[in-house]
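Structure at a glance
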Amino acid sequence: MAFDDKVDNKAEELGGKAKEGVGKATDDERLEAEGKADQKSSKLKQAGENIKDVFKS
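Residues numbered from 1 in each chain as written. Predicted model: local features only at pLDDT ≥ 70, side-chain atom pairs only at ≥ 80, totals over all residues. Heavy atoms only, no water.

Considering the overall build of the protein
When its secondary structure is counted, the protein shows 2 helices and 0 strands. Overall, the C-alpha framework of the protein stretches about 45 × 15 × 10 Å when taken along its three principal axes. By residue count, 19% of the 57 residues in the protein fall in the buried class. Contacts in the protein between residues at least 24 apart in sequence constitute 50% of all its contacts with a sequence separation of at least 6. Total accessible area on the protein stands at roughly 4200 Å², and carbon and sulfur atoms take up 57% of it. Separation between the mean location of the 12 positive side-chain charges and that of the 14 negative ones in the protein comes to 4 Å. (Helix = DSSP H or I, 4+ residues; strand = E, 2+ residues; numbered from the N terminus. Buried < 20%, exposed > 50% of the residue type's maximum accessible area, 1.4 Å probe, protein only. Contact = heavy atoms within 4.5 Å. Areas by Shrake-Rupley, 256 points an atom, 1.4 Å probe, with all protein chains shown as cover. Lys, Arg positive; Asp, Glu negative; His and termini not counted. Charge placed at Lys NZ, Arg CZ, Asp CG, Glu CD.)

This is how it looks when you write it as structure tokens:
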């Protein structure tokens, strides 16, 4: 996994956490769900990149 990809995925994950937090604080269920979805998407991308790294070795 390239360093840039790791940074992008982590940024997406942190952005999702922020959205989730704002959604909880403002009682915005849609924003909270969107934040959770962003986090899951980021984690799936990270897992996929880790699998690629295993097969490259």
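Following the structure, the description resumes.
Re the side chain of Q39
Here Q39 is to be found in helix α2 (residues 29-56). Aside from chain neighbours lying at most four places away, what touches Q39 is E13, G16, K17 and E20.

A word on the environment of A37
Tracing the backbone through its elements, the reader meets A37 in helix α2. We classify A37 as partly exposed; its relative accessible area is 43%. Taking C-alpha positions, A37 is 9.4 Å from E13, a pair spaced 24 residues apart along the chain.

A look at helix α1 (residues 3-26)
For α1, with 24 residues, the first-to-last C-alpha span of 34 Å sits near the 34 Å given by 1.5 Å per residue. Every buried residue of α1 is listed here: N9, E13, G16, E20 and G23. Just downstream of α1, D27 is the residue with a positive phi angle, here 60°. (Expected span 1.5 Å × (residues − 1).)

None of this, on its own, says anything about what the molecule does.
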